[in-house]
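Close look at the chain arrangement
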Amino acid sequence: MNKDILICGVGGQGTVLASKIIAASAMQEGSVVHSAETIGMAQRGGPVTSHVRVGENAFSPLIPSGSADIILAFEPGEAVRNLKYLKKDGIAIVNTCAVKPVTESLNPSGYEGTAQVEYLRSRCSCIFVSSDEVCKPFGSSKFFNIIILGVAAGSGRLGISKETVLAQIEKRVPQKFIQTNKNAFLAGFEIGESAVK
Amino acid sequence: MGNGAIALGALAAGVNLVAGYPGTPSSEIIETVSKYPHEGVHLEWSVNEKAALEVAVAAAYSGARALVTMKQMGLNVASDPLMSVAYVGVKGGLVLVSADDPGPISSQTEQDTRRYADFCRIPVFDPSSPEEAYTMIGDAFEYSEKYGTPVLFRPTTRVCHAYASIDIPDKTSPKEYDGFIKDSGRWVIFPRLSYLNHGRIEERNVEIGKDFSAYSFNTVQNPEAEKAVVTSGISYAYVRECLKNRSDVRLIRIATAFPFPEDFVLGALDGVSEVLCIEELSPYIEEQILKTAGMHHLDLTVHGKLDGSVPHNGENSVELSAKILSGFPGVQTANGQVDLSGSPALPVRPPVLCAGCPHRASFYAVKQAMKGQKAFFCGDIGCYTLGNAMPLDMVDTCLCMGAGITMAQGMNYTNDGVCFAFTGDSTFFASGMTGVVNAVYNEADIILCVLDNSTTAMTGHQPHPGTGRNMMGNFVEKVDIAKVLEGMGVRKIVTVNPLDLEKSIKAVRECAAEKGVKAIIFKSPCIAITKPSGRCSVDSGKCINCKKCIREIGCPALVTADGKVTIDRNLCTGCSLCSQICPVGAIGGEEHE
Ligand code: SF4
Ligand code: SF4
């Protein structure tokens, strides 16, 4: 299998765990995997991206523009920022809830994310999820990374089986959070499945 | 991670001692060693890069294998011992990893470690992936011992921070070695030794160049093609990505830029009339090819940075390589992107001091105390460089590690006004102390502000001599900054908690009123490594919506919702700086958890 998966968001949203689980799952299924992170500074709130490249045919650690099969965007503005990586027939899974820049109160930009969502809708095939809504049953926005992973897997575009991801979640999440994370993943999986129906 | 691969490769090579100073993109090498079994290996964060290298040199003189890690600018600090040890040579393998940062992404310069290799006349290895880095670091130790010379190892950011899977041995053990054998004719550098060794080194480098000509990571693909691309490091990965499935371009990769593998290059270029050099940072390989072409009267056109085909600055990418190659062999770049036209404006997300960062409070106190007075603020390297941003605007200069202290002195001698130096605790130990002695001795009138947050925050929270913990896992006596300053002759030293605004302002005023070198230690831990003390909230009944808190300190947790000031509970750490600023006392009510 050859697949380029880009994960983007804002520092502190848990993008790194999502990319680690994807990379480890693909490896568990026997693929060669390369990945890279744009490591931010110690302060929070900057844009972050993880590039996961599955398959023998990838040399650059970063995904070339127009190559990503799937983008997992934890934030609509960041989805637009990274849209250049998406293939024409690729898919973007996008959180509709915007994260305002930390400098917003000082330099108001009026950024709400709605224009970005509309733009994405007009440009590529997307599955939209609202982190506010989907995280509610789990009581914390911290589970969004696992939910969006579920959406991606459920859409069938990730190329990794449900069971493999569940096994990796078990390996990588602290004991007492395993069940909630599995439930979060399965909730996302359903959303993904029904979105492509 | 590439840095992890370097660490594991060194352990597999039986490294006995690892020392370094944190710096992006190199810091995870030492952190990886500490996380894997490394019994019998001495591991340390040294106070700076020069110290790290000198510690390692003695180990290598004793026959042990030593690894030193730093970022490229750290090599400037370590260049003094490096140049000399290059003359003296080593017995055990000595490999110095200096991670370059094209872009630059998190550095002050775009310097090229390969130039240091040439300058010091020592070999350099240049991996293009984490897998290669793992193997090459072992090779670097072999070459170091084979030729008795220190060796440079130069990954770049994208190699350091890329992940791949590698197989590692179950168990590694440090190398057996003899220990130091006294021989002053060998280990004591004197002019005559340097003269003799200089001659030997140049002869030896011809040998290494021949040896490198057979090195497995110097490679040629498509040897039939007449047009050639010469590349190195991560650019090799990018160019390969562009030239997938192409057989009409000869792809030459040089993993050992110095000593230049001339025989290999002559063979690789046989039958080529036009060559394009794609490399990051300086046109090092390009210049060597021009030199080789000149010496051997080759009929060869060389493209690259020197004729404008390749940009001098910034990092390379698949996209840029494709653009460069499009005018040469011609590559298809149409990868089928989605239509990107009409993109809406995107939010800018600049790095800012965290909510609750004690540095914000320190800067604010100095700013308040100096209101209406002329003052100069010499900053330094660390998170606190971000104190330059509005609304604080408290960093007038930033040059290199430790320069804040000495530059404040120069400011003082040439300007009227109160001169401040800001330095972090780790920076103080790394290269601030000598500057303080200089200030005392040369009678400067400066105020030194040590922003002591008990960690090396910016590079990922490494311990240092003031934290009482070292990389051998031991608790050690903390080196007390106030006592150090006292011992160096600073007469007035005040320690305050910057989160107590009134006391802090008073301390600054007091110091400004006195002559000589004064020091204020603003002591409060980095909030990224401590538990928040609580949360603050705005009493909407009291708040007059003057927005003073937002305007003055720029804490990211202070936000406006529906035109009213509120505090983002997820960000606030309860530092209470804002509550001390509010003119009507509307902020408070620390909700302790
Ligand atoms: S107390 Fe005020 S200044 Fe401190 S972190 Fe909270 S909102 Fe920011
Ligand atoms: S990481 Fe620590 S020192 Fe750096 S900005 Fe955040 S609180 Fe301040």
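Just so we're clear, the structure is a prediction, and the values are computed from it rather than from any experiment.

1. A few points about the overall build of chain A
For chain A, the count of helices and strands is seven helices and six strands. Seen in sequence order, chain A has helices and strands lined up from the N terminus as β-α-β-β-β-α-β-α-β-α-α-α-α. For 197 residues, the compact-globule formula gives about 16 Å, and the C-alpha radius of gyration of chain A, at 16 Å, lands near that figure. In terms of overall dimensions, chain A has a C-alpha envelope of 50 × 40 × 40 Å along the principal axes. A burial count over chain A gives 57% of its 197 residues as buried. For chain A, long-range pairs separated by at least 24 residues make up 64% of all intrachain contacts whose partners lie at least 6 apart in sequence. Total accessible area on chain A is roughly 7900 Å²; 51% of this is exposed by carbon and sulfur atoms. Each charge class in chain A was averaged separately, 20 positive and 17 negative side chains, and the resulting centres sit 2 Å apart.

2. Describing the overall build of chain B
Broken down by element type, chain B carries 20 helices and 21 strands. Taken over C-alpha atoms, the radius of gyration comes to 27 Å for chain B, in line with the 25 Å a tight globule of 593 residues would show. Across its three principal directions, the C-alpha atoms of chain B cover 80 × 70 × 55 Å. Across the 593 residues that make up chain B, the buried fraction comes to 57%.

3. Digging into the site of ligand 2
Around ligand 2 lies a shell of eleven residues, among which B:Cys354, B:Cys357, B:Cys383, B:Asn453 and B:Cys526 are the nearest. Of the chains in the model, those with residues near ligand 2 are chains A and B. Residues of the shell around ligand 2, tallied by class, amount to eight nonpolar, three polar and no charged.

4. A closer look at the sheet that holds strand 13 (residues 375-378) of chain B
Two modes of strand pairing occur in sheets, parallel and antiparallel, and in both the strands are linked by backbone hydrogen bonds. Residue and element names in this part refer to chain B. As summarised here, the arrangement of the five strands in space is 13-14-15-17-16, forming an open sheet in which the pairing is parallel. Two strands lie at the open edges of the sheet, namely strand 13 and strand 16 (492-496), each paired on one side alone. On average, adjacent strands in this sheet sit at an angle of 20 degrees to one another, irrespective of strand direction. Here seven bridges tie strand 15 (residues 446-452) to strand 17 (residues 517-523), and the two strands are oriented parallel to one another. Paired with leucine 451 across the two strands is phenylalanine 522, which belongs to strand 17. Each of strand 13, strand 14 (418-424), strand 15 and strand 17 touches helix 14 (residues 358-369); the most contacted strand, strand 15, lies at about 160 degrees to it.

5. Concerning the site of ligand 1
As a structural note, the neighbourhood of ligand 1 is formed by 14 residues, with B:Cys555, B:Cys572, B:Cys575, B:Ser576 and B:Cys578 the closest of them. Residues that form the shell around ligand 1 fall into these classes: ten nonpolar, four polar and no charged.

6. Overview of the packing of helix 5 (residues 144-154) of chain A against helix 7 (residues 178-195) of chain A
Residue and element names in this part refer to chain A. At a closest axis distance of 6 Å, the pairing of helix 5 and helix 7 adopts a crossing angle of 40 degrees. With respect to each other, helix 5 and helix 7 are oriented oblique. Remark: the crossing between helix 5 and helix 7 carries right-handed chirality. Along its contact with helix 5, which presents Ile146, Ile147, Leu149, Gly150, Val151, Ala153 and Gly154, the element helix 7 presents Asn181, Ala184, Phe185, Gly188, Phe189, Ile191, Gly192 and Glu193. In terms of residue class, the contact of helix 5 with helix 7 is built from nine nonpolar, five polar and one charged.

7. Topic: helix 15 (residues 403-414) of chain B
In this model helix 15 of chain B runs 16 Å from its N-terminal to its C-terminal C-alpha over twelve residues, within 8% of the 16 Å that 1.5 Å per residue would give. Along helix 15 of chain B, the residues classified as buried are B:Ala403, B:Gly404, B:Ile405, B:Ala408, B:Gln409, B:Met411 and B:Asn412.

8. Quick word on the interface of chain A and chain B
At the junction of the two partners, chain A supplies 52 residues and chain B supplies 53 residues. Interface area, chain A with chain B, both sides summed: about 4300 Å², of which 59% is carbon and sulfur. On the surface where chain A and chain B come into contact, there are four salt bridges. With a closest N to O distance of 3.8 Å, B:Asp339 and A:Arg123 form a salt bridge. Counting residues per element, the ones that place at least two in the side of chain A that touches chain B are helix 1 (15-28), strand 2 (33-37), strand 3 (47-54), helix 2 (76-81), strand 5 (86-95) and helix 3 (114-123) of chain A. Take the side of chain A that touches chain B: its biggest share by element is five residues, from strand 2 of chain A. Of the residues that constitute the side of chain A that touches chain B, the class distribution is 25 nonpolar, 15 polar and twelve charged. Sheet analysis places strand 2 of chain A next to strand 7 (residues 162-163) of chain B, joined by two bridges and oriented antiparallel. When the sheet's bridge partners are listed, A:Ser35 is paired in strand 7 of chain B with B:Tyr163.

9. Quick notes on the packing of helix 1 (residues 2-12) of chain B against helix 2 (residues 28-35) of chain B
Two quantities define a packed helix pair, namely the angle between the axes and the distance from one axis to the other. All names here are of chain B. Across the interface, helix 1 lies against helix 2 with an axial gap of 8 Å and an inter-helix angle of 55 degrees. One way to sum up the angle between helix 1 and helix 2 is to call them oblique. Helix 1 and helix 2 meet at a crossing whose hand is right-handed. Across from Asn3, Gly4, Ile6, Ala7, Leu8 and Leu11 in helix 1, the residues of helix 2 making contact are Glu28, Ile29, Thr32 and Val33. Grouping the constituent residues of the contact of helix 1 with helix 2 by class yields six nonpolar, three polar and one charged.

10. Comments concerning the pairing of strand 1 (residues 3-10) of chain A
All names here are of chain A. Where burial is concerned, most of strand 1 is hidden: eight out of the eight residues are buried. Residues of strand 1 alternate between two faces, with Lys3, Ile5, Ile7 and Gly9 on one and Asp4, Leu6, Cys8 and Val10 on the opposite face, all of them buried. In this sheet, strand 3 lies alongside strand 1 in antiparallel orientation, the contact comprising eight bridges. Following the sheet pairing, isoleucine 5 is matched in strand 3 by valine 52. Judged from the four bridges that link them, strand 1 and strand 4 (residues 68-73) form a sheet pairing that is parallel. Considered in strand 4, the bridge of cysteine 8 is made with alanine 73.

11. A few points about the side chain of B:Arg349
With respect to the helices and strands, the residue B:Arg349 is situated in the loop between helix 13 (318-326) and helix 14. According to the relative accessible area criterion, B:Arg349 is buried, its value standing at 8%. Side chain to side chain, B:Arg349 and A:Glu75 meet in a polar contact 3.2 Å long. Of note is the side chain of B:Arg349, whose polar atom sits 2.7 Å from the side chain of A:Glu78. Sequence-distant contacts of B:Arg349, defined by excluding residues within four places in its chain, comprise A:Val10, A:Gly45, A:Gly46, A:Pro47, A:Glu75, A:Glu78, A:Arg81, A:Val99, A:Lys100, A:Pro101 and A:Tyr111.

12. Here we look at helix 5 of chain A
What sets the pattern is the α-helix's 3.6 residues per turn: residues three or four places apart point alike. Residue and element names in this part refer to chain A. Counted residue by residue, helix 5 has eleven buried out of eleven residues, so it is predominantly covered. Residues of helix 5 that are buried include every one of Phe144, Asn145, Ile146, Ile147, Ile148, Leu149, Gly150, Val151, Ala152, Ala153 and Gly154, and no others. Glycine 156, located one to two residues past helix 5, shows a positive phi value of around 80 degrees.

Reading the values: the criteria
Residues numbered from 1 in each chain as written. Chains lettered and ligands numbered in written order. Predicted model: local features only at pLDDT ≥ 70, side-chain atom pairs only at ≥ 80, totals over all residues. Heavy atoms only, no water. Helix = DSSP H or I, 4+ residues; strand = E, 2+ residues; numbered from the N terminus. Rg over C-alpha atoms; globule rule 2.2 N^0.38 Å. Buried < 20%, exposed > 50% of the residue type's maximum accessible area, 1.4 Å probe, protein only. Contact = heavy atoms within 4.5 Å. Areas by Shrake-Rupley, 256 points an atom, 1.4 Å probe, with all protein chains shown as cover. Lys, Arg positive; Asp, Glu negative; His and termini not counted. Charge placed at Lys NZ, Arg CZ, Asp CG, Glu CD. Near = heavy atom within 4 Å. Nonpolar A, V, L, I, M, F, W, Y, C, P; charged D, E, K, R; others polar. Pairing = 2+ DSSP bridges. Axes fitted to C-alpha atoms, helices over the stretch in contact; angles between N-to-C directions. Parallel < 35°, antiparallel > 145°, perpendicular 65-115°, else oblique. Left-handed = near helix turned anticlockwise from the far one by under 90°. Expected span 1.5 Å × (residues − 1). Buried area = accessible area lost by both parts, 1.4 Å probe. Salt bridge = Lys/Arg side-chain N within 4 Å of Asp/Glu carboxyl O. Polar contact = N/O pair within 3.5 Å; in protein donor to acceptor, adjacent residues only side chain to side chain.

Everything listed is a geometric property; what it means functionally is a separate question.
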